[in-house]
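Residue-level listing of the chains:
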Amino acid sequence: MKIIEIDNNAVASVSNHVKPTPKAGEVLIKVAYSALDTAFEEVAHREFIPGSLLHDLKVKPLVAGWHYSGTIVSLGDDSSVTTTNTTSKQNDLTVGDLVFGHLQYDSATRQGTLAEYITVPTLECAKIPSGVDLDVAAAITTESLTALQAMRDIGGLSEGKNVLVIGAGGGVGTQAVQIAKAMKASKVHAVCSTYDVPKVQGLGADLVIDRSIQNIEKDLNAACYDIIFDTTGKYSFASLKYALAKEGTLVNTIPNVATFLFSWMFPIIFGKHYKSVFVQCNRADLELVGSWLQQGIISCPIDSTHNIKDFENARDRQKESKKSGRVVVKVEGGW
Ligand SMILES: NC(=O)c1ccc[n+]([C@@H]2O[C@H](COP(=O)([O-])OP(=O)(O)OC[C@H]3O[C@@H](n4cnc5c(N)ncnc54)[C@H](OP(=O)(O)O)[C@@H]3O)[C@@H](O)[C@H]2O)c1
């Protein structure tokens, strides 16, 4: 099969590789679309941290990419056997199903979705709901699951909570604003740069704060938010804790020493929480996001779609700060 191989100088080129075989409990997927994200360059440049946390950097050939949509072309040995209620959930996928998901961002991950085929555990992908396009399904996976797991699982988001999303014009932030609204947060405030203000207003934020005009480290209302989701990882607990309500949580996307080692101390000392999210792909969350997409409750703006043979154009576009949505790669039929 064809893959995009990344050499030691971070140069990407097409090469041929052995097609993977699905193990028991896995499916073989012919990739239709992938999408780029910030993790790609970190892996391509073999940055020890965080690249090595996101992928096995020693694997040869090195092929990256996490997002995907595609078609199941074969099942691992036990994937078609239904015996109990528990396993039926694992085994309800069949050849020909259209599925989406993302590979785990994990030091053990050895494949990439910039390839014709991938193998995936059955419980780490979900059927694409009817009416949802394959490019959108691929584009939304990581960012929506990150936002959902950060705000719901770590921040305790539920109806009536007040939320602030920082980096609301970016991939994760775009999903976070919409998901906070979908989960009936009381107030959804969003921070972005001037360029993204109209887009973020269009996502339904109740208040959009232009960070080039206001300094969020001092201009927010005190004790206002139950959840502050810092998608950029650029803000310290010290600089934003004034805006957290009692028992509120600051969640970021980039673990640091404070969130990694000392997150247990913050509630004891300050009565407020400081934590990081580590996105995990799972069937239930994909199905939830898929149903929101199908109902038009959330959307996933696409900036541009590039055939995989023009991969360098996609890579250049992903680096542009003024892109207006996800950069999608057409894998099937795009070589
Ligand atoms: N831990 C996990 O599981 C996980 C999962 C997914 C992503 N991530 C990480 O999350 C980060 C965000 O991902 P993404 O896909 O959303 O990236 P993105 O699309 O590049 O968006 C980042 C956003 O942050 C804004 N920004 C940059 N500096 C800022 C600052 N000082 N204050 C406020 N906003 C600022 C940028 O807009 P302006 O500069 O124009 O304002 C941009 O809109 C990446 O580092 C990614 O690797 C982690």
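Residues numbered from 1 in each chain as written. Predicted model: local features only at pLDDT ≥ 70, side-chain atom pairs only at ≥ 80, totals over all residues. Heavy atoms only, no water.

- An unreviewed UniProt entry lists the protein chain under the name Enoyl reductase (ER) domain-containing protein, from Chaetoceros tenuissimus.

1. What to know about the pairing of strand S10 (residues 207-210)
Move 1: Across 4 bridges, strand S9 (residues 187-192) lies against S10 in parallel orientation. Looking across to S10, one finds that His189 is bridged to Leu207.
Move 2: With helix H6 (residues 197-202) bridging S9 and its parallel neighbour S10, the resulting β-α-β unit is right-handed. (Pairing = 2+ DSSP bridges. Helix = DSSP H or I, 4+ residues; strand = E, 2+ residues; numbered from the N terminus. Right-handed = clockwise from strand over helix to strand, strands pointing away.)

2. A closer look at the site of the ligand
Move 1: Around the ligand sit 20 residues in total, of which Thr38, Ser193, Tyr235, Val277 and Val279 are the nearest.
Move 2: Here an oxygen atom of the ligand sits 2.9 Å away from a polar atom, N or O, in the main chain of Gly171.
Move 3: Thr253 has a polar backbone atom sitting 2.8 Å from a nitrogen atom of the ligand.
Move 4: With the chains in place, 77% of the 920 Å² that the ligand exposes on its own is no longer accessible. (Near = heavy atom within 4 Å. Polar contact = N/O pair within 3.5 Å; in protein donor to acceptor, adjacent residues only side chain to side chain. Areas by Shrake-Rupley, 256 points an atom, 1.4 Å probe, with all protein chains shown as cover.)

3. Observations concerning the pattern of salt bridges
Move 1: Following the criterion strictly, the structure yields 12 salt bridges and no others.
Move 2: Between Arg283 and Asp92 there is a salt bridge, with its nearest N and O atoms 3.2 Å apart. Placement of the pair is Arg283 in helix H10 (residues 283-294) and Asp92 in the loop between helix H3 (85-90) and strand S5 (98-102), with a sequence separation of 191 residues. (Salt bridge = Lys/Arg side-chain N within 4 Å of Asp/Glu carboxyl O.)

4. Concerning the packing of helix H4 (residues 134-154) against H10
Move 1: As a packed pair, H4 and H10 sit with axes 9 Å apart at the nearest point and diverge in direction by 115 degrees. When the axes of H4 and H10 are compared, the pair comes out roughly perpendicular. Helix-helix and strand crossings are classified by hand; for H4 and H10 the assignment is right-handed. Facing H4, whose interface residues are Val136, Ile140, Thr141, Ser144, Leu145, Leu148, Gln149 and Arg152, H10 presents Asp285, Leu286, Leu288, Val289, Trp292 and Leu293. (Axes fitted to C-alpha atoms, helices over the stretch in contact; angles between N-to-C directions. Parallel < 35°, antiparallel > 145°, perpendicular 65-115°, else oblique. Left-handed = near helix turned anticlockwise from the far one by under 90°. Contact = heavy atoms within 4.5 Å.)

5. As for the packing of H4 against helix H5 (residues 171-182)
Move 1: It is the contact of H4 with H5, at a shortest axis distance of 8 Å, that shows an interaxial angle of 55 degrees. Between H4 and H5, the angle falls in the class oblique. The crossing of H4 and H5 is right-handed. Each of Ile140, Glu143, Ser144, Thr146, Ala147, Leu148 and Met151 in H4 lies in contact with H5, whose residues at this interface are Gly171, Val172, Gln175, Ala176, Ile179 and Ala180.

6. Some details on the pairing of strand S12 (residues 244-252)
Move 1: Judged by how many residues are buried, S12 sits mostly within the fold: 7 of 9 residues are covered.
Move 2: Pairing analysis gives 5 bridges linking strand S11 (residues 225-230) to S12, with the strands arranged parallel. Residue pairing in the sheet places Asp230 in a bridge with Asn252 of S12.
Move 3: Where S12 meets strand S13 (residues 273-276), 4 bridges bridge the pair, whose relative direction is parallel. (Buried < 20%, exposed > 50% of the residue type's maximum accessible area, 1.4 Å probe, protein only.)

7. Some words on the domain arrangement of the protein chain
Where interface size is given, it is often the accessible area lost as the parts come together that is meant.
Move 1: Domain assignment breaks the protein chain into domain 1 (2-127 + 301-330) and domain 2 (142-276).
Move 2: Its C-alpha centre places domain 1 at a distance of 28 Å from the equivalent point of domain 2.
Move 3: Taken together, the contact between domain 1 and domain 2 spans 10 residues of the former and 6 residues of the latter.
Move 4: Across the domain 1/domain 2 interface, buried area totals approximately 700 Å², and carbon plus sulfur atoms make up 56% of it.
Move 5: Area buried by domain 1 at its contact with domain 2 is led by His102, Pro301 and Lys322, which between them contribute 51% of it.
Move 6: Linking domain 1 to domain 2 there are 1 salt bridge.
Move 7: Between Glu143 and Arg326 there is a salt bridge, with its nearest N and O atoms 3.2 Å apart.
Move 8: Our enumeration of links across domain 1 and domain 2 arrives at 5 residue pairs in polar contact (both at pLDDT 80 or more).
Move 9: Split into classes, the residues belonging to the side of domain 1 that touches domain 2 amount to 2 nonpolar, 4 polar and 4 charged. (Domains from an automatic or database assignment. Buried area = accessible area lost by both parts, 1.4 Å probe. Nonpolar A, V, L, I, M, F, W, Y, C, P; charged D, E, K, R; others polar.)

8. Side note on a nonpolar patch on the surface
Move 1: A cluster of nonpolar side chains, namely Val257, Phe260, Leu261, Phe262, Trp264, Ile268, Ile269, Phe270 and Phe278, defines an oily patch on the protein surface of about 1,000 Å² accessible area.
Move 2: Of all the secondary structure elements, the ones that give two or more residues to the nonpolar patch are helix H8 (257-261) and helix H9 (265-270).
Move 3: When you line up the elements, Phe262 lands in the loop between H8 and H9.
Move 4: Its relative accessible area of 36% is what places Phe262 among the partly exposed residues. (Patch = residues over 30% accessible without salt bridge, like charges linked within 9 Å, V, L, I, M, F, W, Y side chains within 5 Å.)

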